[in-house]
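Descriptive analysis of the structure
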Amino acid sequence: MAREKIRIRVRGYDHELVDEAIRTIVKTAESTRAKLAGPIPLPTDRRVYTVLRSPHVNKKSMEHFERCVHKRLLDIKEPSSETINALMDIELPSGVDIEVKL
């Protein structure tokens, strides 16, 4: 018989919101006495965009913009039905994307 686990992946542009969402999930899971593995910080996706400042005269003058996506991973091992119901009722901050796999 395979062990059940819930894998939660949290992503967002602001690392403070991602950490706050993880803290909320951990607190809820610990209140139902579930076993946790994590949170594990995953590598940050960093995307850099280079744009010309002036398209006509100064071709060598450029601006750089970056977009960082921060990610965390959390495993809940052997969840009970109480744990699953508690996770369904969590209020999480906006701006955070959550992916749940059973």
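Residues numbered from 1 in each chain as written. Predicted model: local features only at pLDDT ≥ 70, side-chain atom pairs only at ≥ 80, totals over all residues. Heavy atoms only, no water.

**Concerning the layout of surface pockets**
Taken as a whole, the largest pocket encloses approximately 250 Å³ of empty space. Every residue lining the largest pocket is listed: Ile6, Ile8, Ile25, Ile84, Leu87, Met88, Ile90, Leu92, Ile98, Val100 and Leu102. Elements represented by at least two residues in the lining of the largest pocket include exactly strand S1 (5–12), helix H2 (81–88) and strand S4 (96–101). Ranked by the residues each element gives to the lining of the largest pocket, the list is headed by H2, at 3 residues. When its residues are assigned to classes, the lining of the largest pocket shows 11 nonpolar, no polar and no charged. (1 Å grid on protein atoms, 1.4 Å probe; cavity = no way out; pocket = protein on both sides within 12 Å on 5 of 7 lines; lining within 4 Å. Points joined across faces, edges and corners; volume = space filled by probe spheres on them. Helix = DSSP H or I, 4+ residues; strand = E, 2+ residues; numbered from the N terminus. Nonpolar A, V, L, I, M, F, W, Y, C, P; charged D, E, K, R; others polar.)

**A look at unusual backbone geometry**
Glycine aside, a negative phi is what most residues show, and trans is what most peptide bonds show. Although it is not a glycine, Arg33 sits at a positive phi angle of roughly 60°. On the secondary structure map, Arg33 appears in the loop between helix H1 (15–31) and strand S2 (35–52). For Arg33, a relative accessible area of 73% puts it in the exposed group. (Buried < 20%, exposed > 50% of the residue type's maximum accessible area, 1.4 Å probe, protein only.)

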